Amino acid sequence: MMIIEEFQKCHTDHPIAKFFGKCTDLKIKLDKCFRQEKAVKRKANFEESKKFKERLDAYKKEMEDKVQID
C-alpha cells in the first residue's frame, strides 16, 4: 500500500512534471506489484477451479452410475 500512497503523493506534488516522467519509477514499481498480486490470485483461482472440476466430475460419474443401476 505504501507504493500507491507514494505514487499518489508524487502526482499531487508534481502536477506537470508527472507528464514528463517524474513519477515513472514509482509507476514501474506499482505495476510490478500489481502483476505479482495478480499472479497469486490467478494461481489460487486455478487451484480452486481444479477442485471444482474434480467435484463436478465425481458428481457426473455418480449420476451416470445411478442411472445405470435404475
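Residues numbered from 1 in each chain as written. Predicted model: local features only at pLDDT ≥ 70, side-chain atom pairs only at ≥ 80, totals over all residues. Heavy atoms only, no water.

Can you walk me through the nonpolar core in this structure?
Generally speaking, nonpolar side chains in soluble globular proteins are found buried as a group. By size, the foremost hydrophobic cluster in this structure holds five residues: Phe-7, Cys-10, Cys-23, Leu-26 and Leu-30. Contributions of two or more residues to this core are made by α1 (2-13) and α2 (24-69). Other than its neighbours up to four places away in sequence, Cys-10 contacts Lys-22, Cys-23 and Leu-26. (Core = buried A, V, L, I, M, F, W, Y, C linked by side-chain atoms within 4.5 Å. Buried < 20%, exposed > 50% of the residue type's maximum accessible area, 1.4 Å probe, protein only. Helix = DSSP H or I, 4+ residues; strand = E, 2+ residues; numbered from the N terminus. Contact = heavy atoms within 4.5 Å.)

Please explain a nonpolar patch on the surface as it appears in this structure.
A contiguous nonpolar surface patch, about 430 Å² in accessible area, is contributed by Ile-16, Phe-19 and Phe-20. By the element assignment, Phe-20 lies in the loop between α1 and α2. The exposed category is assigned to Phe-20, whose relative accessible area is 70%. (Patch = residues over 30% accessible without salt bridge, like charges linked within 9 Å, V, L, I, M, F, W, Y side chains within 5 Å. Areas by Shrake-Rupley, 256 points an atom, 1.4 Å probe, with all protein chains shown as cover. Salt bridge = Lys/Arg side-chain N within 4 Å of Asp/Glu carboxyl O.)

How do you make sense of the state of the cysteines when you look at a structure like this?
Chemically, a disulfide is nothing more than a covalent bond linking the sulfur atoms of two cysteines. All told, the structure shown has one disulfide when counted by the stated rule. Through a disulfide, Cys-10 is tied to Cys-23; the S-S separation comes to 2.0 Å. Judged by the torsion about the S-S bond (-90°), the Cys-10/Cys-23 disulfide is left-handed. With a gap of 13 residues between them, Cys-10 in helix α1 and Cys-23 in the loop between α1 and α2 connect regions that are remote in the sequence. Assigned by exposure class, Cys-10 and Cys-23 land together as buried. (Disulfide = S-S within 2.5 Å.)

Functional significance is not addressed by these values, which are geometric in nature.
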